[in-house]
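Listed below are the residues making up each chain.
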Amino acid sequence: MRFPLRLNYDLTRYIISNKMQKNEKYPLVLMLEPTHLCNLACSGCGRIREYADTIQQMLSLEECLRSVDECPAPVVTITGGEPFLYAHIYELIPAVLERGKHIQLCTNGLLLEKALENITPHPNFTLNVHMDGLEETHDRLLERKGTFKIAIEGIRKAKAKGFRVCTNTTIFKDTDLVEIEMLFSLLTEIGVDGILVAPGFDYEAVGEDLFLQRREIEKKFAEVYRMSKRFRFWSTPMYLRFLKGEKQLQCTPWGNPTRNPLGWKAPCYLITDAHYPTYKEMMEKTDWNKYGVGRDERCAQCMMHCGFEPTVVNEIGKSWKDILEMAIWNFS
């Protein structure tokens, strides 16, 4: 993946090691949700609705670090909720980095400027700020005025302090792709290091008419793929070609395991059928063959990166065309 060289090296070494040991199921990214508390109530967010009854619960610092130690994934995404609301966030970040892990911290950006006073740049640390459009659209989707300006200012200040910053944009049914191209131009102008993009997932808990069906996703992402030639996308070209209907992939639900205050979430980041007390139990007790397109109706419209980017990793070596495309993308 077109990430910093150290992460590329660590991911490659980790993947080769698993291949040599003939491990069929191994995680790439631990999705760590120490809290589901958030300072927003976005229409498209499933977390604050699914976990409404337990939203005040938090993992202890010790539970977070035990989870990092349990799961061998080289990358830890600290998410939520809003992770800067987690009581021990400024202890968690350095403790995870000391373990040699790479961190992507996902934030809506509202607390970013204040947080910069308490964190320092690190080669293995990336801030991931969610940006869903230009000012009017972003503020409407996040249901609060001023969120766009605050996030953009936070990004500017993070870059000025030397942090690596990427952004994450969700494409919804009514997303204006001309506006998205303007957003990507702005983000590039202010120095964002990478752009992640994915279609929204239709959470059962949300019930909003925001989400794309598979054919709509393919149509919109044909245009997004064109944009990937202009901007520094961190979404892989194979994944983008899958999104525009050129490539067929089956998801890898164990690729991004999720740990939250209720336990290890199964089968995936998006669907909840059970929570397990340990990573080992989650992996061993989940019937992975039940899930995926054509197996579970909840998977029918899903094309999310958390399920399909891990598949890309396993698919690369099967085609010289894919290997060449990834190499060109990685070093361009």
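One structure accompanies this document, and this report is about it. (Residues numbered from 1 in each chain as written. Predicted model: local features only at pLDDT ≥ 70, side-chain atom pairs only at ≥ 80, totals over all residues. Heavy atoms only, no water.)

1. Quick look at the side chain of Asn260
The topology assignment puts Asn260 in strand β7 (residues 258-260). By relative accessible area, Asn260 is classed as buried at 0%. For Asn260, the side chain forms a polar contact with the main-chain nitrogen of Leu262, separated by 2.8 Å. Residues in contact with Asn260, not counting those within four places in the same chain, are Glu33, His36, Tyr51, Leu59, Lys265 and His275. (Helix = DSSP H or I, 4+ residues; strand = E, 2+ residues; numbered from the N terminus. Buried < 20%, exposed > 50% of the residue type's maximum accessible area, 1.4 Å probe, protein only. Polar contact = N/O pair within 3.5 Å; in protein donor to acceptor, adjacent residues only side chain to side chain. Contact = heavy atoms within 4.5 Å.)

2. Structural notes on helix α3 (residues 61-70)
Within the span of α3, buried status applies to Leu61, Cys64, Leu65, Ser67 and Val68. Projected onto a plane normal to the axis of α3, the buried residues spread over an arc of 155° and lie on a single side. (Arc of directions from axis to C-beta.)

3. So, the pattern of salt bridges
In total, this model carries 19 salt bridges according to the counting rule given. The salt bridge involving Glu117 is made with Lys114; its shortest N-O contact spans 3.4 Å. Side by side, Glu117 and Lys114 carry an identical accessibility label, which is exposed. Close ionic contact of Arg298 with Asp296 constitutes a salt bridge, the shortest N to O distance being 2.7 Å. Of the residues examined, Arg298 reaches a relative accessible area of 24% and is grouped as partly exposed. (Salt bridge = Lys/Arg side-chain N within 4 Å of Asp/Glu carboxyl O.)

4. Let's talk about the sheet that holds strand β5 (residues 164-171)
By definition, the strands of a sheet pair up through backbone hydrogen bonds, in either a parallel or an antiparallel sense. Pairing is mixed in the open sheet, where nine strands are placed in the order β6-β5-β4-β3-β2-β1-β7-β8-β9. Each end of this open sheet is capped by a strand with a single partner; those strands are β6 (194-199) and β9 (272-276). Neighbour to neighbour, the strand axes of the sheet diverge by 25° on average, direction disregarded. Pairing between β7 and strand β8 (residues 263-267): three bridges, direction antiparallel. Looking at β8, one finds that Thr258 is bridged to Lys265. (Pairing = 2+ DSSP bridges. Axes fitted to C-alpha atoms, helices over the stretch in contact; angles between N-to-C directions.)

5. Here we look at the environment of Ala52
Structurally, Ala52 is set in the loop between α2 (47-50) and α3. Since its relative accessible area comes to 43%, Ala52 is described here as partly exposed. Sequence separation of Ala52 and Leu37 is 15 residues, and the distance between their C-alpha atoms is 9.3 Å.

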